[in-house]
Amino acid sequence: MRRSSTFARQVLLVRVGRRDGDLTTGTDLVLPEHRLAGRRHRPARGRYEREIEAIMPVSPALAPSEPVDDSPGRAIPLLPGERTAARRMKFGLVNGCTLSSLVLGMLAIFLAMQGDVRAAALCLIACVAFDGLDGALARKLGVASPFGAQMDSLADMCSFGLAAPVVVYASLAGSVPPAAAAVACALVAACAAVRLARFNVSPKDGRFFCGVPTTMAAAVLALTVAIGLPVSGAVMVAGVVLLAFAMVSSFPYAKLARLLKLPPWLWLAPVVGALIDIRLTFALVVVGYLVSGPLLWLHQRRAA
């Protein structure tokens, strides 16, 4: 009875306070507001709301929210290591060679569109020279970087994966059906893209290439157009397709550093042959290099 009378008295006091417009009376129901000063005021939830919230399923698709990092990102330097003026100049020189290869590839495309395929092929040969120069300079000057490697790969795709097929397509105009030339040249571009992407993510071997490198394939195509190899259009298309598949093959092909270690008489034979008939010598050298991949592969299989 005492508890019920106390509760009734508190209810009456609250009602009187609300009726008078004064909620700051010194009753027991007002005192908790002073004890909870500084806390966030939350509206009271009913009994049924609390029960529904307790049994409400949680969706597994909703991941817990993570705090957003609003801190400004730091720029990653393109040239790792000491950033001196001399190293920056060397870095710019190396990447200038890479960009020169890319620009020459674009020039080869423009010349091929105008019908000057011989000049376009010479531009591709210059692309090959700049492509070998930028890597050698980067290693010698000590400015090799991941940025330079990516730049080199993009320039190779432009010069050797796009410009070289365009030049070959222009050289085949009138000798083969346009559809056959388009398919063969598109195959070169696709295989070059696969070859470059695979090279970027594969472990490097200091002795052999896995497949014919795009630089070598572009050099073969450019020299074929430049010297005017006397073959029919059908043979030319077949050779282009074979070269495209050789780029994405898994056959091991020797690198230039390994070829330079061959006996001198092996180098003397092509030189003498070039003085006699440069076209025939070039064709024999290309065929010999393409055949060397499957032969090395068979030799490695037997040795294993």
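Reading guide: rules and limits
- Residues numbered from 1 in each chain as written.
- Predicted model: local features only at pLDDT ≥ 70, side-chain atom pairs only at ≥ 80, totals over all residues.
- Heavy atoms only, no water.
- Helix = DSSP H or I, 4+ residues; strand = E, 2+ residues; numbered from the N terminus.
- Buried < 20%, exposed > 50% of the residue type's maximum accessible area, 1.4 Å probe, protein only.
- Contact = heavy atoms within 4.5 Å.
- Areas by Shrake-Rupley, 256 points an atom, 1.4 Å probe, with all protein chains shown as cover.
- Phe/Tyr/Trp six-rings, centres within 6.5 Å; stacked < 30°, edge-to-face > 60°.
- Lys NZ or Arg CZ within 6 Å of the ring centre and 35° of its normal.
- Expected span 1.5 Å × (residues − 1).
- Patch = residues over 30% accessible without salt bridge, like charges linked within 9 Å, V, L, I, M, F, W, Y side chains within 5 Å.
- Salt bridge = Lys/Arg side-chain N within 4 Å of Asp/Glu carboxyl O.
- Bend = angle between axes of the 7 residues up to and from the residue.
- Polar contact = N/O pair within 3.5 Å; in protein donor to acceptor, adjacent residues only side chain to side chain.
- Axes fitted to C-alpha atoms, helices over the stretch in contact; angles between N-to-C directions.
- Parallel < 35°, antiparallel > 145°, perpendicular 65-115°, else oblique.
- Left-handed = near helix turned anticlockwise from the far one by under 90°.
- Nonpolar A, V, L, I, M, F, W, Y, C, P; charged D, E, K, R; others polar.
- pLDDT = per-residue confidence, 0-100.

### Examining the overall build of the protein chain
- The number of helices and strands found in the protein chain is twelve helices and two strands.
- The order of α-helices and β-strands along the protein chain, N terminus first, is α-α-α-α-α-α-α-β-α-α-β-α-α-α.
- By the burial criterion, 29% of the 304 residues in the protein chain qualify as buried.
- In the protein chain, of all internal contacts separated by at least 6 residues, the share reaching a separation of at least 24 is 77%.
- Looking at the protein chain as shown, the accessible area adds up to about 20600 Å², and 67% of this sits on carbon and sulfur atoms.

### Notes on the packing of aromatic side chains
- Tallied over the full model, the rule gives three aromatic pairs.
- Relative to Phe147, the ring of Phe91 lies with its centre 6.0 Å away and its plane at 40 degrees, an arrangement referred to as tilted. With Phe91 in helix α4 (residues 85-113) and Phe147 in helix α6 (residues 146-171), the pair connects residues that are 56 residues apart, well separated along the chain.
- Here Phe91 falls in the buried class, since its relative accessible area comes to 12%.
- Its relative accessible area of 30% is what places Phe147 among the partly exposed residues.
- The lysine or arginine in question, Lys255, covers the ring of Phe209, its NZ or CZ lying 5.1 Å from the ring centre.

### Thoughts on the side chain of Ser101
- As for its placement among the helices and strands, Ser101 is situated in helix α4.
- Judged by relative accessible area, Ser101 falls into the buried class, the value being 2%.
- With residues up to four places along the chain from it excluded, the contact list for Ser101 reads Cys127, Phe130 and Ser159.

### Structural notes on helix α7 (residues 178-201)
- Helix length check: α7, at 24 residues, gives a terminal C-alpha distance of 35 Å against a target of 34 Å (1.5 Å per residue), a fit within 8%.
- Burial in α7 covers these residues: Ala181, Ala184, Cys185, Val188, Ala189, Cys191, Ala192, Arg195 and Leu196.
- In the core, the buried residues of α7 are packed alongside α6, β1 (208-210), α8 (214-227) and α9 (233-247).

### Some details on a nonpolar patch on the surface
- On the surface, Leu256, Leu260, Leu262, Trp265, Leu266 and Trp267 cluster together to form a nonpolar patch covering roughly 650 Å² of accessible area.
- For the nonpolar patch, the element with the most residues is helix α11 (residues 264-276), which contributes three residues.
- As for its position among the elements, Leu266 is in helix α11.
- On the basis of relative accessible area, Leu266 is assigned to the partly exposed category, the value being 34%.

### Side note on helix α12 (residues 278-303)
- Over its 26 residues, α12 runs 37 Å from end to end, which matches the ideal 38 Å to within 8%, given 1.5 Å per residue.
- Remark: the principal bend of α12, roughly 25 degrees, maps to Ser292, with a proline, Pro294, within the next four residues.
- For α12, the full list of buried residues reads Thr281, Phe282, Val286, Tyr289, Leu290 and Gly293.
- Those residues of α12 that are buried lie in contact with β1, α8, α9, β2 (252-254), α10 (256-259) and α11.
- At the N-terminal boundary of α12, the capping side chain belongs to Asp277, with an oxygen 3.3 Å from the backbone nitrogen of Arg279.

### Considerations on the packing of α7 against α9
- Across the interface, α7 lies against α9 with an axial gap of 8 Å and an inter-helix angle of 15 degrees. Our classification of the angle between α7 and α9 gives roughly parallel. Where α7 crosses over α9, the two elements pack in a sense that is left-handed. Contact residues: Ala180, Ala184, Leu187, Val188, Cys191, Ala192, Arg195 and Arg198 in α7; Val237, Val240, Val241, Ala244, Phe245 and Met247 in α9.
- A class-by-class count of the residues in the contact of α7 with α9 yields twelve nonpolar, no polar and two charged.

### What to know about the environment of Ala217
- Relative to the assigned elements, Ala217 resides in helix α8.
- Distance in space between the C-alpha atoms of Ala217 and Val188 is 9.1 Å, their sequence separation being 29 residues.
- Residue contacts for Ala217: discarding those within four places in its chain leaves Val212, Leu243 and Met247.

### Digging into the confidence of the model for the protein chain
- In this model, the protein chain carries an average pLDDT of 79, and 75% of its residues clear a pLDDT of 70 or more.
- Segment residues 11-41: pLDDT under 50, and ten contacts once partners within four positions in sequence are set aside and those in other chains are kept.
- Residue range residues 57-64 is modelled with pLDDT below 50. Its contacts to residues more than four positions away, or to other chains, number zero contacts.

### Description of the side chain of Asn95
- Inspection of the secondary structure assignment puts Asn95 in helix α4.
- Side-chain polar atoms of Asn95 contact the backbone oxygen of Phe91, separated by 2.8 Å.
- Apart from the residues within four sequence positions on either side, Asn95 is in contact with Phe147, Gly148 and Met151.

### Digging into the packing of α4 against α6
- Orientation of α4 relative to α6, taken along the N-to-C sense of each, is 15 degrees, at an axis distance of 8 Å. Comparing the axis directions of α4 and α6 gives the class roughly parallel. For the element pair α4 and α6, the recorded crossing hand is left-handed. Contact residues: Phe91, Asn95, Thr98, Leu99, Ser101, Leu102, Gly105, Met106, Ala108, Ile109 and Ala112 in α4; Phe147, Gly148, Met151, Asp152, Ala155, Cys158, Ser159, Ala163, Val166, Val167 and Ala170 in α6.
- Residues belonging to the contact of α4 with α6 are distributed by class as follows: 15 nonpolar, six polar and one charged.

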